Structure formats: C-alpha cells, structure tokens
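Listed below, chain by chain, are the residues.
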Amino acid sequence: MPELTDLEQLAALLSSSTAKAQLKTIDTLSTLGTSGETVLMEFLSGADNAPIWVKGKAFLILKASESPQVQEFLQRHYPQGIVALNSDRDIDYSSLQELLMVQKFQEADRLTLLKMCELAGESAIGRKWLYFSEVNRFPRTDLRTIDTLWLAYSEGKFGFSVQRELWLGVGKNWEKLWPKIQWRTGKTWTRYPNEFIWDVSAPRGHLPLSNQLRGVRVMDSLLSHPVWNE
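Below is a summary of the structure that appears in this document. Keep in mind the model is a prediction, meaning the values are calculated, not measured. (Residues numbered from 1 in each chain as written. Predicted model: local features only at pLDDT ≥ 70, side-chain atom pairs only at ≥ 80, totals over all residues. Heavy atoms only, no water.)

Here the focus is the overall build of the chain. Summing up its helical and strand segments, the chain has 13 helices and two strands in all. Taken over C-alpha atoms, the radius of gyration comes to 19 Å for the chain, in line with the 17 Å a tight globule of 230 residues would show. By the burial criterion, 48% of the 230 residues in the chain qualify as buried. Sequence-distant contacts, at least 24 apart, represent 60% of the contacts inside the chain between residues at least 6 apart. Approximately 11,800 Å² of the chain is accessible, and the part contributed by carbon and sulfur atoms is 49%. (Helix = DSSP H or I, 4+ residues; strand = E, 2+ residues; numbered from the N terminus. Rg over C-alpha atoms; globule rule 2.2 N^0.38 Å. Buried < 20%, exposed > 50% of the residue type's maximum accessible area, 1.4 Å probe, protein only. Contact = heavy atoms within 4.5 Å. Areas by Shrake-Rupley, 256 points an atom, 1.4 Å probe, with all protein chains shown as cover.)

See the structure below:
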C-alpha cells in the first residue's frame, strides 16, 4: 500500500499540474487499488476547472472498478457519464456517450454523423449526409456537446475542436492538414474503414471522420462554426 505522503503528492499533482502530467498521474493512481480510487473520486468531486479529457480519463478508470463504493459514487454523480448532454434541439446524445465511454470509436463516428443529420433536419436524415449550409445553422450548444464527448473519452486527442486547432496551425491549408491527421499519405487517401485507426493510438485529430461528411466545404463550415470562437 502506498505511503500517505505519496498519495498526497499524487493528489497535489492531479490538481495543479499540466493536463499531460495529470493524465500520467491518473495512470499511476490506476495501479494503486482502493487508495488510488479514493484520490480519483476526490479529484472528480472538486475538478471543476480540469480539462474534460482529464476528468474523462479519471471517470473511465473508476468506471472499470469493481468496488461497490466507486460504482455508487459514479451512479450518484455521473449516472449518464462525465459529459452533460445539452441540446437546443432536444436530441438525445446518451447513445453516443455510451459508445465513446467503451471506446467504440468506429461506431461512435457513424453515430456522430447520424446525430448531425438529426440536427440538420428531416432531409438530411433521409439522405444521411450534410450540406455545408446546414452545418452553418447547427446550434452552438449541440456542436459543443458532440465535441466535448469526443474530447472527454479520447484523452483530448479527438474532436472537431482538435481538428480546428491543427487546421489553424497549418494556415487553413487542407493539403497540409490531411497527412497531419493521417487521412492521406502522399497522394493516397486513407481508405474507409479499415485503414483508419479506431483507438487512441491514432494521431491527434484523426477522429471523427468529418471528411466522410461529403467534401471539404462541409468540413470548412464545421471548423469555421462560430462555436469555436467562444
């Protein structure tokens, strides 16, 4: 069993260090059994300012626990998951959260497109793809919820906001973005679905596959949406 001082040091690191160090600390705490779980529960209880992907990783470690006390804590505080499922269109994102919680990224990617078609309306639901003009009208609340779900359960590696950050980092140059997120190698496009990487070993921004949403104009609208300027 770790010394109390060791646990205190880990708890301090978890509350005050960078997100990268926090993720590493969570890995360490995950090996310490009940004492580590106690620190993680205390962290989640007061982690209002922590990045959602840090809280998400702590949540996933606790969710895997067989401890009745841990499960009771999660059921009391996070019955649906770590992300609040806010929607201005009364869309239910619980199934998307459930898939991402169990790291079923390929299924979550397909469902993300379907949920965005729901946002766009009946015509998009029927055709199962989007016009760029429909993306422009997405409610900020819903787009933020979808993005936060991807961030929370991927250690901050996946999500539209991550793709936007990388896109801006290459001066909005699509030809530079594609290889950076491994959607293309040289002149060869990554083939769906088998050549994509459906786990957190993928490069930052690899998922979700907004290039499957029918062309660069849709992705441009998505990454230029006003929500990202908030």
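Of all hydrophobic cores here, the largest spans 71 residues; its most connected members are Leu44, Ile82, Tyr153 and Leu177. When residues of this core are assigned to their parent elements, the largest contribution, seven residues, is made by helix H7 (residues 105-120). Excluding residues that lie within four positions of it along the chain, Leu44 makes contacts with Lys55, Ala58, Phe59, Leu62, Phe73, Tyr78 and Ile82. (Core = buried A, V, L, I, M, F, W, Y, C linked by side-chain atoms within 4.5 Å.)

Considering all chains together, one arrives at 14 aromatic pairs under this definition. Consider the rings of Phe73 and Tyr78, whose centres lie 6.3 Å apart with planes at 65°: the pair is edge-to-face. Residues Phe73 and Tyr78 agree in their burial class; the two are buried. Here a set of aromatic residues connected by ring pairs shows up, and it is made of Trp167, Trp174, Trp178, Trp183 and Trp189. The ring of Trp129 has Arg127 lying over it, and the distance from NZ or CZ to the ring centre is 5.1 Å. Stacked on the ring of Trp189, the Lys or Arg Arg184 has its end atom at 5.0 Å from the ring centre. (Phe/Tyr/Trp six-rings, centres within 6.5 Å; stacked < 30°, edge-to-face > 60°. Lys NZ or Arg CZ within 6 Å of the ring centre and 35° of its normal.)

This next bit is on the environment of Phe196. If you trace the backbone, Phe196 turns up in the loop between strand E2 (188-189) and helix H13 (216-223). Between the alpha carbons of Phe196 and Ala11 there is a distance of 37 Å; along the sequence they are 185 residues apart.

Buried within helix H2 (residues 19-29) we find Gln22, Leu23, Thr25, Ile26 and Leu29. The arc enclosing the buried residues of H2, seen along the axis, measures out at 160°, which places them on a common side. Facing away from the buried side of H2 by over 90 degrees, the exposed positions are Lys20 and Lys24. (Arc of directions from axis to C-beta.)

By the secondary structure assignment, Lys55 is in helix H4 (residues 52-63). Despite its burial, Lys55 pairs with no opposite charge, the nearest such side chain being Asp48 at 5.5 Å. (Lys, Arg positive; Asp, Glu negative; His and termini not counted. Salt bridge = Lys/Arg side-chain N within 4 Å of Asp/Glu carboxyl O.)

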